[in-house]
Amino acid sequence: MSKRSFYTRLAFSVLFMLVCIGGITAEGVYVYMCKTEKMPYMQGFLMAVPTAIVIFWGSCFFESASLKKEDGRNMYVIKRIPRMVLSVLFTLACSGSVIMWLYLYHTNIAKLF
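On a predicted model such as this, the values are computed, not experimentally measured, just so you know.

Now for the confidence of the model for the protein. With 95% of its residues at a pLDDT of 70 or more, the protein has an overall mean of 86. Mean pLDDT across the secondary structure elements of the protein bottoms out at strand 1 (residues 67-70), with 78, and peaks at helix 1 (residues 3-35), with 90.

Right, let's talk about the packing of helix 1 against helix 2 (residues 41-65) for a bit. Remark: helix 1 packs on helix 2, axes separated minimally by 8 Å, with the N-to-C direction vectors making an angle of 160°. Judged by the angle between their axes, helix 1 and helix 2 are roughly antiparallel. In terms of crossing hand, the pair formed by helix 1 and helix 2 is left-handed. Here the residues of the contact of helix 1 with helix 2 sort into 18 nonpolar, seven polar and three charged.

Another aspect to go through is the side chain of Glu27. You can see Glu27 is positioned in helix 1. Lys35 provides the closest opposite charge to the buried, salt-bridge-free Glu27, at an N-O distance of 13 Å. Ignoring anything within four residues of it in the chain, the contact list for Glu27 reads Ala48, Thr51, Ala52, Ile55, Ser97 and Trp101.

The end-to-end C-alpha distance of helix 2 is 35 Å, a good match for the 36 Å that 25 residues give at a rise of 1.5 Å each. Taken as a whole, helix 2 has its buried residues at Tyr41, Gly44, Phe45, Ala48, Thr51, Ala52, Ile55, Gly58, Ser59, Phe62 and Ala65. On the buried face of helix 2, the contacting elements are helix 1, strand 1 and helix 3 (80-107).

A few words now on the state of the cysteines. Scanning all chains against the criterion turns up zero disulfides. For the unlinked cysteine Cys20, the closest cysteine sulfur is that of Cys60, found at 8.7 Å. Of the residues examined, Cys20 reaches a relative accessible area of 0% and is grouped as buried. There is no disulfide at Cys60, and the cysteine sulfur nearest it, in Cys94, is 8.6 Å away.

For the rest of this paragraph, the subject is the pairing of strand 1. Note that strand 1 and strand 2 (residues 73-76) share four bridges and pair antiparallel. Pairing of Leu67 across the sheet is with Tyr76, part of strand 2.

Looking at the secondary structure, you find Ser66 in the loop between helix 2 and strand 1. At 3.4 Å, the side chain of Ser66 forms a polar contact with the backbone oxygen of Glu63. Contacts of Ser66, omitting those with residues within four sequence positions, involve Ser13, Met75, Tyr76, Val77, Ile78 and Arg83.

Cut-off values and rules
Residues numbered from 1 in each chain as written. Predicted model: local features only at pLDDT ≥ 70, side-chain atom pairs only at ≥ 80, totals over all residues. Heavy atoms only, no water. pLDDT = per-residue confidence, 0-100. Helix = DSSP H or I, 4+ residues; strand = E, 2+ residues; numbered from the N terminus. Axes fitted to C-alpha atoms, helices over the stretch in contact; angles between N-to-C directions. Parallel < 35°, antiparallel > 145°, perpendicular 65-115°, else oblique. Left-handed = near helix turned anticlockwise from the far one by under 90°. Nonpolar A, V, L, I, M, F, W, Y, C, P; charged D, E, K, R; others polar. Buried < 20%, exposed > 50% of the residue type's maximum accessible area, 1.4 Å probe, protein only. Lys, Arg positive; Asp, Glu negative; His and termini not counted. Salt bridge = Lys/Arg side-chain N within 4 Å of Asp/Glu carboxyl O. Contact = heavy atoms within 4.5 Å. Expected span 1.5 Å × (residues − 1). Disulfide = S-S within 2.5 Å. Pairing = 2+ DSSP bridges. Polar contact = N/O pair within 3.5 Å; in protein donor to acceptor, adjacent residues only side chain to side chain.

The structure is reproduced here in structure tokens:
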């Protein structure tokens, strides 16, 4: 892999990692605002689902950009262990967010309307 290709992949990996971290932070803000009743649960739910989709796609692109297969070998832009930890973190954050919002939606159905 050439240096230019390496740094381009590294830049995209960092970009998608920041998108995922920003989405996770936004999910936390939505939960906080709903729990302190600064935002209705329905609005939080409707904002959280697209954010979870953005986290999922950002995680997929992060995984794709940080690993390159060349001549049957795996070439890592980001080292193997940190890449795997971040991928698992993003996947758990995305699925956990959807499950949590479905739970909040179910338990607070009377407050939604």
